[in-house]
Amino acid sequence: MMSMTHISIGLATTLAITRPDKFQDYLPVIAGAAIGSIICDFDCRSTDEMKDALYGRIVALSLFVVSIVIDLIVRGKVFNSLFQHNVKLILVGLVIFIITSIFAIFSEHRSFSHSLLALALYVGALLCISIPLVIPFLIGYISHILLDIMNKKPVMFLFPSDKGFCLNWFYAGKTANKVFLLFGCIGLLSVIVFNILY
């Protein structure tokens, strides 16, 4: 699937599962889900054919930065988590996160960056950095993997094993992507309205 589909489905799924109650509760959910839903595709090169990956990174990073900045201003959950953690632990988490991301960038598409190993490293890093980001990131990441499994190109989620898995149902950028994007957008709006009303 394409990046906006991953982001919309990741956000809708995460909001539906976590059911944030107050405005401040939305901030770590949006930040974690946005990054989690797109970080698997760090292995996509920003070529003319992969402009979608670049746009997805920009949108996800924008959602992340805006949510984190607002959280810091209102002294929300991420803010409180950062100031409760040991600075050395946060630095260790950042190093693990950055090294994992660098390795993902230079890996083959749908290999390391789509694996349980990468997920474990990212989650471990986030546990060191800010616990409120962990569950939203995890849900966003898993939603990405599940969407990609439906495609025709295998996902090597047991990396370093080169054996991949796919359901072989759709091509990433075709009609199914548009349908899932529509479902993601409708789902996202529905979940937000439902959470506000109830």
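Owing to the predicted nature of the structure, the values given are computational and were not obtained by experimental measurement.

Concerning the overall build of the chain
Moving on, step 1. Of regular secondary structure, the chain possesses 8 helices and 0 strands.
Moving on, step 2. For the chain, the succession of helices and strands along the chain, N to C, is α-α-α-α-α-α-α-α.
Moving on, step 3. Looking at the chain as a whole, 45% of its 198 residues qualify as buried.
Moving on, step 4. For the chain, long-range pairs separated by at least 24 residues make up 69% of all intrachain contacts whose partners lie at least 6 apart in sequence.
Moving on, step 5. Roughly 10400 Å² of accessible area belongs to the chain as shown, and the carbon and sulfur atoms make up 74% of that amount.
Moving on, step 6. The chain carries 14 positive and 11 negative side-chain charges, and their two centres are separated by 3 Å.

Comments concerning the packing of aromatic side chains
Moving on, step 1. Applying the stated rule across the entire model yields 12 aromatic pairs.
Moving on, step 2. Measuring from centroid to centroid gives 4.6 Å for Phe 79 and Phe 83, while their planes differ by 45°, and the two rings are tilted. Taken together, the positions of Phe 79 and Phe 83, both in helix α4 (residues 77-84) and 4 residues apart, correspond to about one turn of that helix.
Moving on, step 3. Since its relative accessible area comes to 14%, Phe 79 is described here as buried.
Moving on, step 4. Where Phe 157 meets Phe 165, the ring centres are 6.3 Å apart and the plane angle is 75°; that geometry is what we call edge-to-face.
Moving on, step 5. The exposure class of Phe 157 is partly exposed, given its relative accessible area of 23%.
Moving on, step 6. An aromatic cluster is defined as three or more aromatic residues linked by ring pairs; in this entry it consists of Phe 97, Tyr 122, Phe 137 and Tyr 141.

Quick word on the environment of Tyr 55
Moving on, step 1. One can find Tyr 55 in helix α3 (residues 51-74).
Moving on, step 2. What makes Tyr 55 partly exposed here is its relative accessible area of 48%.
Moving on, step 3. Here the alpha-carbon distance between Tyr 55 and Met 4, two residues 51 residues apart in the chain, equals 8.3 Å.

Re the side chain of Ser 37
Moving on, step 1. Locating Ser 37 in the fold gives a position in helix α2 (residues 23-38).
Moving on, step 2. Of the residues examined, Ser 37 reaches a relative accessible area of 0% and is grouped as buried.
Moving on, step 3. Beyond its immediate chain neighbours, meaning those up to four positions away, Ser 37 contacts His 6, Ile 7, Gly 10, Gly 140, Tyr 141 and His 144.

Notes on unusual backbone geometry
Moving on, step 1. With an omega of 20°, the peptide bond between Phe 159 and Pro 160 qualifies as cis.
Moving on, step 2. For Pro 160, the location among the structural elements is in the loop between α7 (134-149) and α8 (175-197).
Moving on, step 3. The phi angle at Arg 19 is positive, at roughly 45°, despite the residue not being glycine.
Moving on, step 4. Residue placement: Arg 19 occurs in the loop between α1 (3-18) and α2.
Moving on, step 5. Despite not being glycine, Asn 168 shows a phi value in the positive range, around 65°.
Moving on, step 6. Note on placement: Asn 168 falls in the loop between α7 and α8.

Each value, and the rule that gives it
- Along each chain, the written sequence defines residue order, and numbers are assigned to residues from 1.
- Totals for whole chains, interfaces and linings use all residues, but because this is a predicted model, local features are given only for residues with pLDDT of at least 70 and pairs of side-chain atoms are given and counted only at 80 or more.
- Only hydrogens and water are set aside; all other atoms, that is, all heavy atoms of the structure, feed into the side-chain values.
- Labels follow the DSSP assignment, with helices taken as runs of H or I lasting at least four residues and strands as runs of E lasting at least two, numbered in each case from the N terminus.
- When a residue's accessible area, from a 1.4 Å probe over protein chains only, is under 20% of the maximum for its type it is buried; when over 50% it is exposed; and in between it is partly exposed.
- Residue contacts follow a heavy-atom distance rule, with two residues in contact if any of their heavy atoms lie within 4.5 Å.
- Computed with the Shrake-Rupley method and a 1.4 Å probe, the accessible areas treat only the protein chains shown as cover for residues.
- When charges are counted, Lys and Arg contribute as positive and Asp and Glu as negative, whereas His and the chain ends are disregarded.
- In plain terms, the charge of a residue is placed at NZ if it is Lys, CZ if Arg, CG if Asp and CD if Glu.
- Centre distance within 6.5 Å is the pairing criterion for rings of Phe, Tyr and Trp, where only the six-membered ring of Trp is used; planes under 30 degrees apart are then read as stacked, over 60 as edge-to-face, and the remainder as tilted.

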